[in-house]
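Survey of secondary and tertiary structure
The residues making up each chain are set out below.
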Amino acid sequence: MSNDVKKQTLLITGLNGVIRAMGFLLRILMARLLGAEIMGIAELASGVHMLAITPLTSGLPMAISRLTAKETAEQKSMPLQAGLRLVRRAALVLIPVFLLLSPLLARLTGDVRVLPSLWFSAPCVLILGYSAAYNGYCYGTKQSWLPAVSELAEQTLRLLFTLLLLPLLGSLTAAWLAAVPVASTVLAEAAGLLLVVCTARLPRSVHGSAAAWQRPILHLAVPSTITRVVGTLLRSVTSILIPLRLAASGLPGSEATAQLGMLNGMVLPLMMLPCIFTGALNMVMAPRLAQSEENARQCKRILLRLLAAGLLVALVCTGLLVLAAPFVSVVIYRLPELTALFKAASPLCFLCAAENLSVGCITALGLQKQTLWGALGASLTSLVLTWCLTAQPALRLEGVIIGLAAGHVLHILWNSGILLRWWRGHTLR
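Keep in mind that what you see is a predicted model, and the values were worked out from it rather than measured.

Quick notes on the confidence of the model for the protein
For the protein, mean pLDDT is 85; residues scoring 70 or higher make up 96% of the total. Helix H1 (residues 3-34) is the least confidently modelled element of the protein, averaging 77 in pLDDT, while helix H16 (residues 397-425) averages 93, the highest of any element.

What follows is the structure, given as structure tokens:
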């Protein structure tokens, strides 16, 4: 890798590391201030929230990044302008529909206390859609540091707002207390978007009409969006099913919700630890892969270096997580029973990173359409296994982990097949 790539990757990784550390700190403080049950309510709402924002945040950044990287200096802002237009039009439909369906969605989660959180989530559709478009432009123009700085500002404000509001509003019911972090997130995301808009370097002279770029953006973004929407929908269904299947295993309803809060709110976020690095690596390397597509030798060299660096970091993070499990459980969360859960979930650390790398490579090469069925099959497999295994008293949360691991493995194998076919189809020149 060139020095420029290394510097950008390390810078973004460092910033993302601080962001994740602050998010981890916020989760610890929320767990202590709110308890596992309210954390479970927040996690149920989070699944629906992710489903609402996914259509405008999944495929758009990489599509705009890829098109921006290939355009001339005078036209680099055209994909951004087209993306913003698409976001506005989609948000005009998605936000009212989401608000109208919120009561129904709250009932479908199995806990109507998520309703206030869903109401506060609605503005995120437009805010995060705009952020996704600007982030794609920044990656395409090699201003990769700016989205990371913006996210750092967002996380800082989110932490401050949440810790300020929770003590002031401590007399609220559980439903509204669970919504406080969501309201803080909306305010923080708006501030982060404002930072990017004011800082991003846009060309002064513009040639052409942004409308001409809408079709290419949709062509690249729609497959990734469908894949992510389906995956997010099935994960949301999984989050709803977990308390139900835990109750079927013999746990009381409140204990089942608390178990969901422990898994989704405390354990699984740490499994994404190596994605701090792999996500940064994907975003820095994607424009370079797009620019080198005509040179098979250079493109393959970039792919090999990306995979080697990412998988090595994933292995190291997995080992560290296993060693640190007792400390995290006993000292940080003050829940010794989490130690066994952390160790059982540790393979997910490596699998999440490997999946993230494979998806990043495929998206950067413009092969998104080929991933849809693999992602759908993997998600359905995970859902079925979760349904079957979580209700077993001897497994419970371990059953969820087995289901998640199986889904990740299937998706990695599918993506590996796509990359191998591409590799064989591009002879070295």
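So, the nonpolar core
Leu263, Met271 and Phe342 are the most contacted members of the largest nonpolar core, which totals 90 residues. In terms of residue count, the dominant contributor to this core is helix H6 (residues 124-140) (10 residues). If we skip the residues at most four places from it in the chain, Phe342 touches Met266, Val267, Leu270, Met271, Ala325, Val328, Ser329 and Tyr333. Of all hydrophobic cores here, the second largest spans 20 residues; its members include Cys299, Leu303, Ala364 and Leu367.

Section: the packing of helix H11 (residues 275-291) against helix H14 (residues 347-364)
Packing of H11 against H14 leaves a shortest axis separation of 9 Å and a crossing angle of 15°. Relative to H14, H11 is oriented roughly parallel. The handedness of the crossing between H11 and H14 is right-handed. Note on element contacts: H14 touches H11 through Cys352, Ala353, Asn356, Leu357, Gly360, Cys361 and Ala364, opposite Cys275, Thr278, Gly279, Asn282, Ala286, Leu289 and Ala290. Class assignment for the residues of the contact of H11 with H14 results in nine nonpolar, five polar and no charged.

Structural notes on the packing of aromatic side chains
Scanning all chains against the criterion turns up three aromatic pairs. Between the aromatic rings of Tyr333 and Phe342, the centroid separation amounts to 6.5 Å while the plane-to-plane angle is 20°, which identifies the pairing as stacked. When its relative accessible area of 7% is taken as the criterion, Tyr333 is described as buried. Taken together, Trp119, Phe120 and Trp176 form an aromatic cluster joined through their ring pairs. The cationic tip of Arg245 hangs over the ring face of Trp387; the distance from NZ or CZ to the ring centre is 3.8 Å.

Remarks on the side chain of Arg66
Here Arg66 shows up in helix H3 (residues 60-70). Exposure remark for Arg66: the relative accessible area of 13% places this residue in the buried category. Non-local contacts of Arg66, meaning those with residues more than four positions away in its chain, are made with Leu220, Ala290, Glu293, Ala364, Leu365 and Gly366.

Considering the packing of helix H9 (residues 214-248) against helix H15 (residues 372-390)
Two elements in contact, H9 and H15, have axes whose closest approach is 10 Å; the angle formed by their N-to-C orientations is 0°. Viewed along their axes, H9 and H15 adopt a mutual orientation that is roughly parallel. For the pair H9 and H15, the contacting residues are Ile226, Thr227, Val230, Gly231, Leu234, Val237, Thr238, Leu241, Ile242, Arg245 and Leu246 in the first and Leu372, Ala375, Leu376, Ser379, Leu380, Leu383, Thr386, Trp387 and Thr390 in the second. The residue inventory of the contact of H9 with H15, partitioned by class, reads 13 nonpolar, six polar and one charged.

Some remarks on a nonpolar patch on the surface
On the surface, a cluster of nonpolar side chains totalling about 730 Å² of accessible area is made up of Leu99, Trp119, Phe120, Leu164, Leu168, Leu169, Leu172 and Trp176. Breaking the nonpolar patch down by element, the ones donating at least two residues are helix H5 (115-121) and helix H7 (145-168). Note on placement: Leu99 falls in helix H4 (residues 78-108). Of the residues examined, Leu99 reaches a relative accessible area of 38% and is grouped as partly exposed.

How each quantity is defined
- Residues numbered from 1 in each chain as written.
- Predicted model: local features only at pLDDT ≥ 70, side-chain atom pairs only at ≥ 80, totals over all residues.
- Heavy atoms only, no water.
- pLDDT = per-residue confidence, 0-100.
- Helix = DSSP H or I, 4+ residues; strand = E, 2+ residues; numbered from the N terminus.
- Core = buried A, V, L, I, M, F, W, Y, C linked by side-chain atoms within 4.5 Å.
- Buried < 20%, exposed > 50% of the residue type's maximum accessible area, 1.4 Å probe, protein only.
- Contact = heavy atoms within 4.5 Å.
- Axes fitted to C-alpha atoms, helices over the stretch in contact; angles between N-to-C directions.
- Parallel < 35°, antiparallel > 145°, perpendicular 65-115°, else oblique.
- Left-handed = near helix turned anticlockwise from the far one by under 90°.
- Nonpolar A, V, L, I, M, F, W, Y, C, P; charged D, E, K, R; others polar.
- Phe/Tyr/Trp six-rings, centres within 6.5 Å; stacked < 30°, edge-to-face > 60°.
- Lys NZ or Arg CZ within 6 Å of the ring centre and 35° of its normal.
- Patch = residues over 30% accessible without salt bridge, like charges linked within 9 Å, V, L, I, M, F, W, Y side chains within 5 Å.
- Areas by Shrake-Rupley, 256 points an atom, 1.4 Å probe, with all protein chains shown as cover.
- Salt bridge = Lys/Arg side-chain N within 4 Å of Asp/Glu carboxyl O.

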